[in-house]
There are 2 protein chains.
Amino acid sequence: MPSFFEIEKTCPITGARAGKIHTEHGIIETPIFMPVATKGSVRGVDWRTISELQAQIVLANTYHLTIRPGEASIERAGGLQEWSKWTGPFLTDSGGFQVFSFARRGQAKIDDQGVSFKDDLEGKIHFIGPNESMNIQKRLGADIVMAFDECPAGNADRKTVETAVRRTRDWAEKCTNFPLQKHQNLFLIVQGGKFEDLREKSLEEITKLDAKGYALGGVSVGESREEVEKVISNMTKKLPINKPRYIMGIGMPRDLIVGVLSGADMFDCVLPTRIARHGGYFSEGLRFKSVSQKDFSDDHDNPLVIGCQCPTCKTFTRAYLKHLFLRKEITVYYYLAVHNLFRLLNLTFDMRKAIFNDCFPQFLKKNLYLLS
Amino acid sequence: MPSFFEIEKTCPITGARAGKIHTEHGIIETPIFMPVATKGSVRGVDWRTISELQAQIVLANTYHLTIRPGEASIERAGGLQEWSKWTGPFLTDSGGFQVFSFARRGQAKIDDQGVSFKDDLEGKIHFIGPNESMNIQKRLGADIVMAFDECPAGNADRKTVETAVRRTRDWAEKCTNFPLQKHQNLFLIVQGGKFEDLREKSLEEITKLDAKGYALGGVSVGESREEVEKVISNMTKKLPINKPRYIMGIGMPRDLIVGVLSGADMFDCVLPTRIARHGGYFSEGLRFKSVSQKDFSDDHDNPLVIGCQCPTCKTFTRAYLKHLFLRKEITVYYYLAVHNLFRLLNLTFDMRKAIFNDCFPQFLKKNLYLLS
């Protein structure tokens, strides 16, 4: 039985690392981008395509699944894989992110025990605390399970973040004591917002507790670009070196590069599928642009991104994709999402290769334009 | 160079036939169901999947394409195949069906020259007559081109249908005189509504004109089931025996069986993709049912249709698909459309096999339940 996480190679100059995470449903080669299947399906992309894009793990949202169809139903199906037929590894978040966004809109009550909230579908009152979150995630059966943390908004004041750091620690302890299924692996989450000392405090408290991996939460939830990158580059390297490091909720190519450069292994974001539904695609520079731009109307010669090897760019032209988008043909959401997922996944694959080939600094240099 | 159409086998008892249509973009084995790609994409299903489902020809709508992106743009791309990257044969309708439905809503003016109408996107005034329709279709470049006909509603009075029959004949003559691209093949359309004598008259007039194939139009446009089937079974067999026979706009499994039994070769309908977007799927009996039915909520054991060999039924359960549909996850429109297209396509494949194996009457007997 191999250990849960092994580092295969570390870039001696930057500390970027390539590794392997062993789960019951397959091996995850890191660094890796994880597509988001909020309600049990990556929005607009069928599972066969997700598999062909070489996604190695997907994320599902505990909040959405507990509301519908409910963990009891998924448990009866035999867990997330048996239910959804995505046979690779799953990660579930704790539900905290969604319920705290209710709290920010005044639709939830938080105290030291957890959160009471009205769901947005049936208006029922629910309570989720650390034990409830663990129990739901246990029944969903994901390979990687996230601790229940408090995630305040990016612009929250110091006092709010202090409270969140304290609760996150207390709840993390409860989560570590919760008996999950044998194949499940708990990750703990560091909070602290944009306050450096609170980040340090949270990191110290959280990493004292034993877990299979550690994550930075509350990143890119409304802070400035500078604040996001400061947290990523200062904090990632302080997470335990021998455990997977996961930066939650980031999915701009630049963020992935800064993350790997800082020693992170895992990333997730709804961005590639969400922007697809609004006609957005990652361009040459891996920023995103709109497929409805003016000069695409009659461009029957070029793919979205010249030289891109994704199935969409290898097949379709700008003019055709723009037409489908303007005419609201839903296949275009698929074609654009495939392109966007391919770009992010291959960015992580390329970084992994560069680390293995002892040329990660060269990779950075070559891709500096992505960072500008 | 093989002839455009060859009959490979005819059922000696029923007259049902299996044949081959040779086009520049591939061979079409008949009888065949043609998926509809209204605006240049089968709604919700990517081209790779359409190809894997063994679709052999798809239909695109002249009206929608002339409004956006316009035939000039598609012509510059090199025609429908180069533009959309569906490399197999295309058939375009004449645009008549859509503009006459405007007329029925009082948004168009018809006279003996053609139809003036306001498009529903930009509100511009357009005129389409037989020459305009032929010219647009020439520029779109489809392999099979439909004559510009007048298609009155299923409940139209005798006088209206009489006028439509006359115009359809006059316009058909103009269409046959229009020089299309070398690889294009013109089909003429028989009208006459539910009036037997007008159907006979239209058929006699239309089949006097030379064309590569003949179609029954104005079927299933608001008449009763009995009227639809009477027209199919009475008129199909009177179309020239040595040319492809196409019944336009029908896509219920029962209609395809009655059509083939009556000697028809080609069918099209938006039904399989349209009902998918409303959660509909062809059930065991090939009627359609809703995926949101009550007893699917916790059915983690069975596919939509037990024994179905389509990619959706081979992978997913009723409970999962119902969940995706209730949560408006757009992948479910793909999964259901794949099932529905598979069922109709395979129904035509099965009938073709039965005709070849001299057992079409047995096929009918075995599938009588589809006809009840």
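Residues numbered from 1 in each chain as written. Chains lettered and ligands numbered in written order. Predicted model: local features only at pLDDT ≥ 70, side-chain atom pairs only at ≥ 80, totals over all residues.

1. Some thoughts on the overall build of chain A
Then, in step 1: Helix and strand content of chain A: 15 helices and 16 strands.
Then, in step 2: Taken against the 2.2 N^0.38 rule, which gives 21 Å for 372 residues, the C-alpha radius of gyration of chain A at 20 Å falls within 12% of a compact globule.
Then, in step 3: In terms of principal-axis extent, the alpha carbons of chain A reach across some 60 × 50 × 45 Å.
Then, in step 4: Within chain A, the proportion of its 372 residues that are buried is 55%. (Helix = DSSP H or I, 4+ residues; strand = E, 2+ residues; numbered from the N terminus. Rg over C-alpha atoms; globule rule 2.2 N^0.38 Å. Buried ≥ 20, exposed ≤ 12 C-beta atoms within 10 Å, placed from the backbone.)

2. Topic: the interface of chain A and chain B
Then, in step 1: Contact residues are listed per partner, giving 31 residues for chain A and 31 residues for chain B.
Then, in step 2: Going through the elements one at a time, helix H3 (71–77), helix H4 (80–84), helix H12 (318–326) and helix H13 (331–356) of chain A are the ones with two or more residues in the side of chain A that touches chain B.
Then, in step 3: In terms of residue count, the dominant contributor to the side of chain A that touches chain B is H12(A) (five residues). (Contact = placed C-beta atoms within 7 Å.)

3. Quick notes on the relation of the copies chain A and chain B
Then, in step 1: For the pair chain A and chain B, the best superposition has an RMSD of 0.0 Å and corresponds to a rotation of 180° with a translation of 0.0 Å parallel to the axis. Both chain copies can therefore be described as sitting about a two-fold axis. When C-alpha distances to the rotation axis are compared across chain A, the minimum falls at Ile330(A), with a value of 4.1 Å.
Then, in step 2: Interface overlap between copies is the fraction of interface residues in one copy that are interface residues in the other; for chain A against chain B it reaches 100%, indicating a shared surface. (Least-squares fit on C-alpha atoms with pLDDT ≥ 70 in both.)

4. Brief notes about the sheet that holds strand E5 (residues 58–60) of chain B
As a general point, the strands of a sheet are linked pairwise by backbone hydrogen bonds and lie either parallel or antiparallel.
Residue and element names in this part refer to chain B.
Then, in step 1: One open sheet accounts for eight strands, arranged E4-E14-E13-E12-E11-E10-E6-E5; its pairing is parallel. In this open sheet, the two edge strands, each paired with only one partner strand, are strand E4 (32–34) and E5. With direction set aside, neighbouring strand axes in the sheet form an average angle of 25°.
Then, in step 2: Alignment of E4 against strand E14 (residues 266–268), held across three bridges, turns out to be parallel. Within the sheet, the bridge partner assigned to Ile-32 lies in E14 and is Met-266. (Pairing = 2+ DSSP bridges. Axes fitted to C-alpha atoms, helices over the stretch in contact; angles between N-to-C directions.)

5. A closer look at the sheet that holds strand E3 (residues 26–30) of chain A
Residue and element names in this part refer to chain A.
Then, in step 1: The strand order E1-E2-E3 describes an open sheet built from three strands, whose pairing is antiparallel. One side of each edge strand has no neighbouring strand; the edge strands of this open sheet are strand E1 (5–10) and E3. In this sheet, neighbouring strand axes are inclined to one another by 15° on average, regardless of whether the strands run parallel or antiparallel.
Then, in step 2: Where E1 lies against strand E2 (residues 17–23), five bridges are found, and the strand directions are antiparallel. Looking at E2, one finds that Lys-9 is bridged to Ala-18.
Then, in step 3: Of the strands in this sheet, E1, E2 and E3 touch H13, which is tilted by about 115° from E2.

6. Remarks on unusual backbone geometry
Where the residue is not glycine, phi is negative for most of them; where a peptide bond is considered, it is trans in most cases.
Then, in step 1: Arg68(A) connects to Pro69(A) through a cis peptide bond whose omega is 0°.
Then, in step 2: If you trace the backbone, Pro69(A) turns up in the loop between helix H2 (62–67) and H3.
Then, in step 3: That bond from Thr30(B) to Pro31(B) is cis: its omega, 0°, falls within 30 degrees of zero.
Then, in step 4: Along the polypeptide, Pro31(B) turns up in the loop between strand E3 (26–30) and E4.
Then, in step 5: In the Ramachandran plot, Lys85(B) falls in the positive-phi region, its phi being about 70° despite a non-glycine side chain.

7. What about H13(A)?
Residue and element names in this part refer to chain A.
Then, in step 1: End to end, H13 covers 37 Å across 26 residues, agreeing with the expected 38 Å (1.5 Å per residue, within 8%).
Then, in step 2: Most of H13 sits inside the fold, with 21 of its 26 residues counted as buried.
Then, in step 3: Trailing H13 by a residue or two, Asp-358 shows a phi angle of about 55°, which is positive. (Expected span 1.5 Å × (residues − 1).)

8. A word on the packing of helix H6 (residues 130–140) of chain A against helix H7 (residues 158–177) of chain A
A packed helix pair is summarised by two numbers, namely the angle formed by the two axes and the spacing between the axes.
All names here are of chain A.
Then, in step 1: As a packed pair, H6 and H7 sit with axes 9 Å apart at the nearest point and diverge in direction by 40°. Considered as vectors, H6 and H7 are oriented oblique to each other. H6 and H7 meet at a crossing whose hand is right-handed. Contacts from Pro-130, Asn-131 and Met-134 of H6 reach H7 at Trp-171, Lys-174 and Cys-175.
Then, in step 2: Across the contact of H6 with H7, the residue classes tally to four nonpolar, one polar and one charged. (Parallel < 35°, antiparallel > 145°, perpendicular 65-115°, else oblique. Left-handed = near helix turned anticlockwise from the far one by under 90°. Nonpolar A, V, L, I, M, F, W, Y, C, P; charged D, E, K, R; others polar.)

9. Here we look at the environment of Asp301(B)
All names here are of chain B.
Then, in step 1: As for its position among the elements, Asp-301 is in the loop between strand E16 (288–290) and helix H12 (318–326).
Then, in step 2: The class for Asp-301 is exposed, based on 10 C-beta atoms found within 10 Å.
Then, in step 3: Placed 16 residues apart in sequence, Asp-301 and Thr-317 show a C-alpha to C-alpha distance of 6.3 Å.

10. Re the pairing of strand E2 (residues 17–23) of chain B
All names here are of chain B.
Then, in step 1: Of all the seven residues making up E2, five are buried; the element is thus mostly covered by neighbouring parts of the structure.
Then, in step 2: As consecutive antiparallel partners, strand E1 (residues 5–10) and E2 are separated by six residues, and within that stretch Gly-15 has a phi angle of approximately 85°, a positive value.
Then, in step 3: Both E2 and E3 contribute to a ladder of five bridges, which runs antiparallel. Bridge pairing in E3 places Gly-19 opposite Thr-30.
Then, in step 4: Between the end of E2 and the start of E3, which pair antiparallel, lie two residues.

11. Re helix H6 (residues 130–140) of chain B
Residue and element names in this part refer to chain B.
Then, in step 1: Along H6, the positions that sit buried rather than exposed are Pro-130, Ser-133, Met-134, Ile-136, Gln-137 and Leu-140. Take H6 and look down its axis: the buried residues cluster within an arc of 165°, on one side only.
Then, in step 2: Where H6 terminates, the next one or two residues include Gly-141, which has phi positive at roughly 85°. (Arc of directions from axis to C-beta.)

12. Notes on the packing of helix H10 (residues 253–261) of chain B against helix H13 (residues 331–356) of chain B
Residues and elements named next belong to chain B.
Then, in step 1: Contact geometry of H10 with H13 gives a least axis separation of 10 Å together with a crossing angle of 25°. By the angle class used here, H10 and H13 are roughly parallel. The handedness of the crossing between H10 and H13 comes out as right-handed. Residues Pro-253, Leu-256 and Val-260 of H10 pack against Leu-344, Leu-347, Thr-348 and Met-351 of H13.
Then, in step 2: A per-class count over the contact of H10 with H13 returns six nonpolar, one polar and no charged.

13. Details of the confidence of the model for chain A
Then, in step 1: For chain A, the mean per-residue pLDDT works out to 95, and 99% of the residues sit at or above 70.
Then, in step 2: Complex prediction metrics read pTM 0.97 and ipTM 0.97. (pLDDT = per-residue confidence, 0-100.)

14. With respect to the pairing of strand E9 (residues 125–128) of chain B
Residues and elements named next belong to chain B.
Then, in step 1: Bridge count for strand E8 (residues 114–118) against E9 is four bridges, and the pairing is antiparallel. Its bridge partner being in E9, Lys-118 is matched across the sheet by Ile-125.
Then, in step 2: With antiparallel pairing between neighbouring strands as the criterion, E8 and E9 make up a hairpin whose turn holds six residues, including Gly-123 at a positive phi of roughly 70°.

15. Here we look at the environment of Gln113(B)
Residue and element names in this part refer to chain B.
Then, in step 1: As for its placement among the helices and strands, Gln-113 is situated in the loop between strand E7 (108–111) and E8.
Then, in step 2: Using a count of 15 C-beta atoms within 10 Å as the deciding quantity, one classes Gln-113 as partly exposed.
Then, in step 3: It is 9.6 Å that separates the C-alpha atoms of Gln-113 and Asn-131, two residues lying 18 residues apart in sequence.

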